[in-house]
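Coordinates in review
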Amino acid sequence: GSGSCSLCDAGTYSSAGSASCTACDAGTMSAVNSSSCTPCVEGSYSEQGWGNCTICEAGTFSGAQAGSCSTCAGGRYSSANSSSCEVCPGGSFSTPGSASCSICGSGTSSQADAASCTECSPGSWAAANSTSCSQCQAGTFSLARAASCTACSPGRHSGAGQGSCNVCAAGRFSRSGEASCSLC
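Below, the discussion takes up the overall build of the protein chain. The helix and strand tally for the protein chain stands at 0 helices and 22 strands. Whereas a compact globule of 184 residues would reach a radius of gyration of roughly 16 Å, the protein chain reaches 31 Å, over 25% beyond that. Counting every position in the protein chain, which comprises 184 residues, the buried fraction comes to 28%. Sequence-distant contacts in the protein chain: of pairs separated by 6 or more residues, those separated by 24 or more amount to 24%.

Printed below as a string of structure tokens:
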């Protein structure tokens, strides 16, 4: 025999006296001529036989020694090289695999960890980035997904949280934005 040794490729290893090279397991890596494989750190991954670990993209994460990155769930986000996902605050949302949260628009709201915003119902309103919808005051109304409430026109009235104004009964009147009608 020639008695010569061959170098193991990156992504493989051999211990002293071994006749062959063995592929590194997923979640580990090695350089050329290694006697062991090194675990990938949190926020990175490798497949079996890889010579280096790859950073997880934004919207994904991994623990140490990972064979792949996991996708952040809706309502959560991550930057690249993350070991976990962060929760979106109230008034915002994210879809699965997001790198950031998006603000809920006016007429909608959300609690923390939301995958979508909820529309305000008739009789309520919300500014952008709201955690809840607010009830319209008496004498005002709103349609669904409203950014504000509108005063009832003269001759009409409403209670709090109404989606429309009611006409005053015969012999009664109201000024703009009034909660009830008065006798003429």
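Applying the stated criterion to the full structure yields 3 salt bridges. Between Glu119 and Arg145 there is a salt bridge, with its nearest N and O atoms 3.2 Å apart. With a gap of 26 residues between them, Glu119 in strand β14 (residues 118-119) and Arg145 in the loop between β17 (140-141) and β18 (150-151) connect regions that are remote in the sequence. Glu178 is paired through a salt bridge with Arg175; the nearest N and O atoms lie 3.9 Å apart. In this structure Arg175 comes out as exposed when scored by relative accessible area, which is 53%.

Here we take up the packing of aromatic side chains. All told, the structure shown has 1 aromatic pair when counted by the stated rule. Centre to centre, the rings of Tyr45 and Trp50 are 5.6 Å apart; their planes meet at 50°, and the pair counts as tilted. Its relative accessible area of 19% is what places Tyr45 among the buried residues.

We note that Asn33 has phi near 65°; this positive angle belongs to a residue other than glycine. Its location among the elements puts Asn33 in the loop between β3 (28-29) and β4 (38-39). For Asn33, a relative accessible area of 53% translates into the label exposed. With a phi close to 60°, Arg145 is a non-glycine residue in the positive phi region. The class of Arg145 is partly exposed, set by a relative accessible area of 47%.

Under the counting rule described, the total for this entry stands at 11 disulfides. Note that Cys136 is cross-linked by a disulfide to Cys149, the S-S spacing being 2.0 Å. Negative torsions about the S-S bond denote left-handed disulfides, and the value of about -85° found for Cys136 with Cys149 makes this one left-handed. Placement of Cys136 in the loop between β16 (134-135) and β17 and of Cys149 in the loop between β17 and β18 is noted, with a sequence separation of 13 residues between them. Residue classification places Cys136 among the buried positions, given a relative accessible area of 1%. Cysteine Cys184 is unpaired, with the sulfur of Cys168 as its nearest cysteine sulfur at 8.5 Å.

Relative to the helices and strands, Thr22 resides in strand β2 (residues 22-23). Sequence separation between Thr22 and Cys8 is 14 residues; the distance between their C-alpha atoms is 8.5 Å. Ignoring anything within four residues of it in the chain, the contact list for Thr22 reads Gly11, Thr12 and Tyr13.

Of the voids in this model, the largest pocket is the one considered here, and its volume is about 200 Å³. Classifying every residue of the lining of the largest pocket by side-chain character gives 5 nonpolar, 7 polar and no charged.

Basis of the calculations
Residues numbered from 1 in each chain as written. Predicted model: local features only at pLDDT ≥ 70, side-chain atom pairs only at ≥ 80, totals over all residues. Heavy atoms only, no water. Helix = DSSP H or I, 4+ residues; strand = E, 2+ residues; numbered from the N terminus. Rg over C-alpha atoms; globule rule 2.2 N^0.38 Å. Buried < 20%, exposed > 50% of the residue type's maximum accessible area, 1.4 Å probe, protein only. Contact = heavy atoms within 4.5 Å. Salt bridge = Lys/Arg side-chain N within 4 Å of Asp/Glu carboxyl O. Phe/Tyr/Trp six-rings, centres within 6.5 Å; stacked < 30°, edge-to-face > 60°. Disulfide = S-S within 2.5 Å. 1 Å grid on protein atoms, 1.4 Å probe; cavity = no way out; pocket = protein on both sides within 12 Å on 5 of 7 lines; lining within 4 Å. Points joined across faces, edges and corners; volume = space filled by probe spheres on them. Nonpolar A, V, L, I, M, F, W, Y, C, P; charged D, E, K, R; others polar.

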